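# Structure at a glance
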Amino acid sequence: MKRCVVELTSYSTYHVSRTYCKQNRCVPLSQKMYPDMRTCFIEISYQVRTNTVSLKYADKRHPCWPFQTGCPTSGFLNLQKRRIVAFSCSCQRPGGEAEKHKQPLRLRTDDVFPGNNELHAQRLERSNANVHNSFVSAIGPNGGRDEQTVAGLHNDDVHAGNGLPTSAYVHLPFCKRRCFYCDFAIVAIGQRNDANSTNIDSTMGSYVTTLCKEITSTLSQLPQASPLKTLFFGGGTPSLLPPQYLSRIVDTLDQHCGFQCDAEISMEMDPGTFDKQTLKQFLGLGVNRVSLGVQSFNEDFLKACGRSHGLQDVYEALDIITGLNVSNWSLDLISSLPHQTLEHWEECLREAIGLSPAHVSVYDLQIEEGTKFGVWYKPGHHPLPDEDKSASFYRLASSLLREAGYEHYEISNYAKPGFQCRHNMVYWKNQPYYGFGLGATSYFNGKRFSRPRKLKGYADFVELCINQSSDNFSANEEYLSFYSNTVESVEDRVCDTIMLSLRLASGLNLNELSKNFGHELRVHICKSFLPFINSGHAVAVDSKFKTVPPDTFSTALSEQSASKVLKDVIFIRLTDPDGFLLSNEIISSLFTDLPIK
Amino acid sequence: MDILARIQAASITAPCLAPQHHHKHLQQLCFPMSTGHHFSCFYMHQNHFPVAMPGHPCRIPSGSIRCQSGAVEAPEMQDVKFSKSMLSFDMGKDRLSKVPASQIRNFSIIAHIDHGKSTLADKLLQVTGTVSDREMKEQFLDNMDLERERGITIKLQAARMRYVAKDGEPYCLNLIDTPGHVDFSYEVSRSLAACEGALLVVDASQGVEAQTLANVYLALENNLEIIPVLNKIDLPGADPERVRNEIEEIVGLDCSEAIFCSAKEEGIGIQEILESIVAKVPPPKDTSMNPLRALIFDSYYDPYRGVIVYFRVVDGSIKIHDKIQFMASGKEYEVDELGVLSPGQMQVNELFAGEVGYLAASIRSVADARVGDTITSSANKAGMALSGYQEAVPMVFCGLFPVDADQFGELREALEKLQLNDAALKYEPESSSAMGFGFRCGFLGLLHMEIVQERLEREYGLNLITTAPSVVYRVQCADNTVVECSNPCELPEPGKRVWIEEPFVNIEMITPKEYIGTLMELAQERRGEFKEMKYITESRASVIYILPLAEMVGDFFDQLKSRSKGYASMEYSLSGYRKSDLVRLDILINGEPMDPLAAIVHKDKAFAVGRALTQKLKELIPRQMFKIPIQAAIGTRVIASESISAMRKDVLAKCYGGDISRKKKLLKKQAEGKKRMKSVGRVEVPQDAFMAVLRLEKEVV
């Protein structure tokens, strides 16, 4: 076997890692990488005689990888002039021997472009150039705080591909019980015991069957579904689902669209719902990111929220996770709980930081109608913290977590460098994604669609999908337009872009805005931003990654040369924490100002 | 108390306000002529016939030239004859029959609110067969939806009834309903002027109230024969003897023959009332030979037929196709349609002195045929108009602004339409930085104002903001001119004015004695000047104050009711202008004056009002991204100040499994909310904060 390290030339995508992004410069980590494998080193072994290839990952942060070396390929690798153009290969999943599921996991790095390799090479080149630019320009938005995160950037953008999603959300609605604050589409099944075990299994089984039908019907109508880069199992409590059911879902997806070799597969897990064996099985199925719903490190608060687990369960779950060397795991916390004090919250944050998760999500409690909390409490009134207190919780989280080395890359998300949740980035970047399952929302073909939130309604919906997909395409369109909303209007797309990008630390990319919606809108938005820039809630960043002082910005706007100066302003982002804290106010003001007919 | 409740409490009848939907009641009716020899069929039409149907020759009853002209007949029904037995079978339907003037009785019912006027009127209609039991909806006379819903009468109407008295003679009884609220005392007086008698209905448990008195005085002024009726005698708390004495003592009426009645259910004393009307109310004078003079006591605008005028023929006669003139407005028209109200409109060809009817003559606006005006014949003009006509003078003003600026055009159209029907309504465009474009409107009084607002919102689907009501101030300027001013923003600068005069009213409150103290306190708080107090009975007193009208237009009435647990009643009349120490109070938000909240207040009250308003605004204006000072100022002197601290947090932390639509919906809703806010400088003030403060202002100013 000849071991060949593939050298990538100028059109390759560079891996971008914070470590190498000092002083506003971007240094490629390695050119010995395949474009899509951003977070891993990879070696590709190529056996000339048999024309087989094997992959090897060298990233220790991904313990659930590597996909085992020495897998036989199906021979799709094309190496021409020592360039990788596109390839697809098969390999076994880790621990594959021990598993019943021997079906090879297809890893497709990209769509296989038919024929013209040169053309494809050009495409890659172009898109890489874009990424590079937008990356470079995203550097240093904090002006003077260059080490700070280059949050929000991911070369997931590279694959505009054929416009089809490369991300999927799968909703697994089962929970032991409904938490008091929760208004998600969930199905409470109670504590599993001998008496109800069969029932639970049959409920879950039939749900998974329906879900797989939906996946199949959705994906099989597409001319060619792109392999997934991210998959997110959300809930509900996905960890309640027995691994064999999860396996059916993964297999169905694998069959219809496959996964890219570095796909991020996240799973929400609740303490007290899984043991070591189960997690091992999940990991074996490809899950490589765990989001643990801890919510609080205080027994009383857990009880007060109606969580199904106690503090002991939390630590046990953490032991399981670390015991299996899952390094990419996230921890969810909720702030502004009833009776919570700043001391409680600080304790909770310090405990979380001590456990050193790769990622932390901090959600501010929202009182929703129809929940127990909605009945018991009134936002801003005792025992809920008032607005000022709640704001101080947010500030505390922001400062403590950043101190501890986490990037505050999104309003409620913090990550160690390189551990941003790629799936959620798809949402913030307004990219398409599939949604499967009860109450799940999807965004593709320019349409946003929410699925029914009740089991029966969802089953009917899937039935209808299947019937429709067997019919002709136009009937299906009709069906979709009946069921979903129409293609998003320009106004909606503008609103989406604004509200989503401002959640990110990187902020709103004005170049992209003018590219998509015209230069006038850019000037208009800049004007709308002026009061917030003046008040310190937002910051303008120029092409040299320097913060544009408010004075310069406002003078530029009032002058004739406005458009020239504004061209120089590439990003506008909200400040952390002041701007983030008032993001709704700011975004809704921007909406109000939009020049919509 | 909110507006609806206030109207309900005030509960009063007001004229000139409602388009009516008579067609609902139109129906085919058959009836014999009163002479009993000729029966014709009378056909009622849903819509107006441009030219009335062929008239039937008038049959002159023996022994009299005063007659009802033949009713219009449907040609195809012309020869239908009915047997005489039908007369007794369905006596109510003879009501269009000709009656000599000596057998006409024109009367109205005067009562305090809730003393059962409408119920009694219903009962009379029912007993006389004017309205069949089947048609009988409760409170038949109140046929606007608004009225029926609230059980109050806004719109006055008339009804012609036929009653065969014990003497065997058929009589034509015309009931003319009156509006009861003091805002409309002019209209009440015109209605009463169209009658010769009145039923004074007094609740046998409640006794005489302020409105009873005011109406009785109006009736006495018009020389009406008053028949006291004690209503609701079957109620457990009824004490007819006490109330009878009360009427005798207070009103000075001989109540020895007062009728005890209960209009509910089976009806007690209804027959006696009818007999008493026949016996006591004098018949109208027979002046059919004189030139036509008819008194307009109501009019309303009908989109198909133009203004419908309700009138009482005082002298002469009026025929269809006659050319008529309105003596005050000078306008001439040709009568297209003539009829009587029974209570639906029924066409006839001619009406004679003493009769009550309606006409349509393609009149474009009620302003051309105002209540109180005299109709005469163009060909044979009367020498003198009937006395008592007055121009409508608005007493209370307020700004009306559409909540949604796009509705300005609709508001203007709606006001134009309402004005067609309401000659007392005045309006002119007004604009304000905070409220955008709207109108400054003048009303007869508070109830009138509330009804107009209510109708604009209800019938025209408008969403309105109203500023605090204001009265007309007279400003003596330094240059020796007098400026009339009802809009605080237009008040001349302090340097340019010498003094300000404001209108005062004489207010009479009738109350059980235990509330005298609290009501005097109320009047005192409202800058009232005590004039007189007298015990009308051992337990009840009348208290008279002179009070600035501005203090009355707020929540005075509500306060009177709540402080007396509903037992006190009041009436007021204008007493003229007086000098007062008044200032203009401005409200500033973030240094910007809010014009709509500016108010003219008495100097002694400015501080309290200023503090109340700034506190309320602080409560209602949501936090914004910066600190906002709120001040109340007289000129440049700040007399009260509050501030709203900057917003701390407004963030949606969680994105539910990529449910972007939901998040967007929330943000868009927030953005919509911002659009609805009124910008005062940089500060966004929610619409409802405005309204709440305006409401508060109505209470405290």
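Residues numbered from 1 in each chain as written. Chains lettered and ligands numbered in written order. Predicted model: local features only at pLDDT ≥ 70, side-chain atom pairs only at ≥ 80, totals over all residues. Heavy atoms only, no water.

An unreviewed UniProt entry lists chain B under the name Translation factor GUF1 homolog, chloroplastic, with Ceratopteris richardii as the source organism. Under Sequence similarities (unreviewed entry), UniProt gives the following word-for-word description of chain B: "Belongs to the TRAFAC class translation factor GTPase superfamily. Classic translation factor GTPase family. LepA subfamily." Looking at chain B in UniProt, the text filed under Subcellular location (unreviewed entry) is "Plastid, Chloroplast". (UniProt positions renumbered as here; feature names shortened; annotations may be inferred.)

Looking at an unreviewed UniProt entry, one finds chain A named Radical S-adenosyl methionine domain-containing protein 1, mitochondrial and attributed to Ceratopteris richardii. In its Sequence similarities (unreviewed entry) section, the UniProt record describing chain A reads: "Belongs to the anaerobic coproporphyrinogen-III oxidase family. HemW subfamily." In its Function (unreviewed entry) section, the UniProt entry covering chain A states "May be a heme chaperone, appears to bind heme. Homologous bacterial proteins do not have oxygen-independent coproporphyrinogen-III oxidase activity. Binds 1 [4Fe-4S] cluster. The cluster is coordinated with 3 cysteines and an exchangeable S-adenosyl-L-methionine."

## Observations concerning the confidence of the model for chain A
In this model, chain A carries an average pLDDT of 73, and 68% of its residues clear a pLDDT of 70 or more. Long-range and interchain partners of residues 472-476 of chain A, a stretch whose pLDDT sits below 50, account for four contacts in this model, where long-range means more than four residues apart. (pLDDT = per-residue confidence, 0-100. Contact = heavy atoms within 4.5 Å.)

## Side note on a negative patch on the surface
A grouping of Asp404, Asp406, Glu410, Glu413 and Glu416 of chain B is seen on the molecular surface, where their side chains present a negatively charged patch. Take Glu413 of chain B: it is sitting in helix H9 (residues 408-421). (Patch = residues over 30% accessible without salt bridge, like charges linked within 9 Å, V, L, I, M, F, W, Y side chains within 5 Å. Areas by Shrake-Rupley, 256 points an atom, 1.4 Å probe, with all protein chains shown as cover. Salt bridge = Lys/Arg side-chain N within 4 Å of Asp/Glu carboxyl O. Lys, Arg positive; Asp, Glu negative; His and termini not counted. Charge placed at Lys NZ, Arg CZ, Asp CG, Glu CD. Helix = DSSP H or I, 4+ residues; strand = E, 2+ residues; numbered from the N terminus.)

## Considering the pairing of strand S33 (residues 628-634) of chain B
Residue and element names in this part refer to chain B. Within S33, five of the seven residues are buried, which leaves it mostly tucked inside the rest of the structure. Alignment of strand S30 (residues 582-589) against S33, held across five bridges, turns out to be antiparallel. Considered in S33, the bridge of Ile587 is made with Ala632. Looking at chain direction, S33 and strand S34 (residues 637-644) are connected through seven bridges and run antiparallel. The residue of S34 that forms the bridge with Pro629 is Ser643. In textbook terms, the turn of a hairpin is the stretch between consecutive antiparallel strands, and for S33 and S34 this stretch comprises two residues, one of which, Gly635, has a positive phi near 60°. (Buried < 20%, exposed > 50% of the residue type's maximum accessible area, 1.4 Å probe, protein only. Pairing = 2+ DSSP bridges.)

## As for the interface of chain B and chain A
With 27 residues of chain B at the interface, the matching set in chain A holds 42 residues. Together chain B and chain A conceal approximately 3,500 Å² of surface at their shared face, both sides included; 56% is due to carbon and sulfur atoms. Ranking the residues of chain B by area buried against chain A places Met625, Arg648 and Lys649 of chain B at the top, with a combined share of 20%. Counting across the interface, chain B meets chain A through ten salt bridges. The salt bridge partner of Asp492 of chain A is Lys664 of chain B, with a shortest N-O separation of 3.3 Å. Here chain B and chain A share 17 residue pairs in polar contact (both at pLDDT 80 or more) between them. It is helix H15 (residues 660-676) of chain B that provides the largest number of residues to the side of chain B that touches chain A, a total of eleven residues. (Buried area = accessible area lost by both parts, 1.4 Å probe. Polar contact = N/O pair within 3.5 Å; in protein donor to acceptor, adjacent residues only side chain to side chain.)

## As for helix H14 (residues 603-620) of chain B
Spanning 18 residues, H14 of chain B covers 26 Å between terminal C-alpha atoms, matching the ideal 26 Å at 1.5 Å per step. Listed in full, the buried residues belonging to H14 of chain B are Lys605, Ala606, Val609, Gly610, Leu613, Thr614 and Leu617 of chain B. (Expected span 1.5 Å × (residues − 1).)

## Quick look at the confidence of the model for chain B
Residues and elements named next belong to chain B. When the pLDDT values of chain B are averaged, the result is 77; 80% of them are 70 or greater. Across residues 1-91 the pLDDT falls below 50, and counting only partners more than four positions away or on other chains, this stretch makes 243 contacts in the model. Here residues 146-154 is a poorly scored stretch, pLDDT under 50, and it has 40 contacts once near neighbours within four places are set aside; other chains count. Taken together, the chains of this predicted complex give a pTM of 0.57 and an interface ipTM of 0.70.

## Concerning the packing of aromatic side chains
All names here are of chain A. Scanning the model with the defined rule gives 25 aromatic pairs over all chains in all. Relative to Trp376, the ring of Phe373 has its centre 6.1 Å away and its plane inclined at 50°; by these criteria the two rings are tilted. Within this pair, Phe373 and its partner Trp376 are both found in helix H8 (residues 372-376), separated by three residues, close to a single helical turn. A network of ring pairs unites the aromatic residues Phe174, Tyr207, Phe449, Tyr458 and Phe461 as a single cluster. (Phe/Tyr/Trp six-rings, centres within 6.5 Å; stacked < 30°, edge-to-face > 60°.)

## Here's the deal with the sheet that holds strand S5 (residues 170-176) of chain B
All names here are of chain B. With respect to topology, six strands assemble into an open sheet ordered S4-S5-S3-S6-S7-S8, the strand pairing being mixed. Every interior strand has two partners, whereas the edge strands, strand S4 (158-164) and strand S8 (259-260), have only one. By the bridge criterion, seven bridges tie S4 to S5 in an arrangement that is antiparallel. Across the sheet, Val164 pairs through a bridge with Pro170, a residue of S5.

## Some words on the sheet that holds strand S18 (residues 374-377) of chain B
Residues and elements named next belong to chain B. Strand order in the open sheet made by the eight strands is S13-S12-S18-S9-S10-S17-S14-S15, with antiparallel pairing throughout. Looking along the sheet, the strands with just one partner apiece sit at the ends: strand S13 (332-334) and strand S15 (345-347). Here the strands of the sheet are splayed against their neighbours by 40° on average, with no regard to which way each runs. Bridge count for strand S14 (residues 337-341) against S15 is three bridges, and the pairing is antiparallel. Residue Leu341 lies in a different strand from S15, and its bridge partner there is Gln345. (Axes fitted to C-alpha atoms, helices over the stretch in contact; angles between N-to-C directions.)

## Some points on the packing of helix H5 (residues 185-193) of chain B against helix H6 (residues 210-221) of chain B
Residues and elements named next belong to chain B. Close contact between H5 and H6 brings their axes to 9 Å; oriented N to C, the two are set at 45°. Comparing the axis directions of H5 and H6 gives the class oblique. Every pair of crossing elements has a handedness; the one defined by H5 and H6 is right-handed. Two secondary-structure elements touch here, H5 through Ser185, Val188, Ser189 and Leu192 and H6 through Asn215, Leu218 and Ala219. Across the contact of H5 with H6, the residue classes break down as four nonpolar, three polar and no charged. (Parallel < 35°, antiparallel > 145°, perpendicular 65-115°, else oblique. Left-handed = near helix turned anticlockwise from the far one by under 90°. Nonpolar A, V, L, I, M, F, W, Y, C, P; charged D, E, K, R; others polar.)

## Details of the pattern of salt bridges
For the coordinates displayed, the defined rule picks out 48 salt bridges over all chains. Across the pair Arg623 of chain B and Glu387 of chain A runs a salt bridge whose closest N-O atoms are separated by 3.1 Å. Linking Arg623 of chain B in the loop between H14 and S33 with Glu387 of chain A in helix H9 (residues 387-403), this pair reaches from one chain into another. For Arg623 of chain B, a relative accessible area of 25% puts it in the partly exposed group. Residues Glu529 of chain B and Arg578 of chain B are paired through a salt bridge, measuring 2.8 Å at the closest nitrogen-oxygen approach. Highlighted residues: Glu529 of chain B in strand S27 (residues 529-535) and Arg578 of chain B in strand S29 (residues 569-580), separated in sequence by 49 residues. Judged by its relative accessible area of 38%, Glu529 of chain B is partly exposed. What you see here is one network of salt bridges that share partners, running through Arg448, Glu491, Asp492 and Asp496 of chain A together with Lys664 and Lys668 of chain B.

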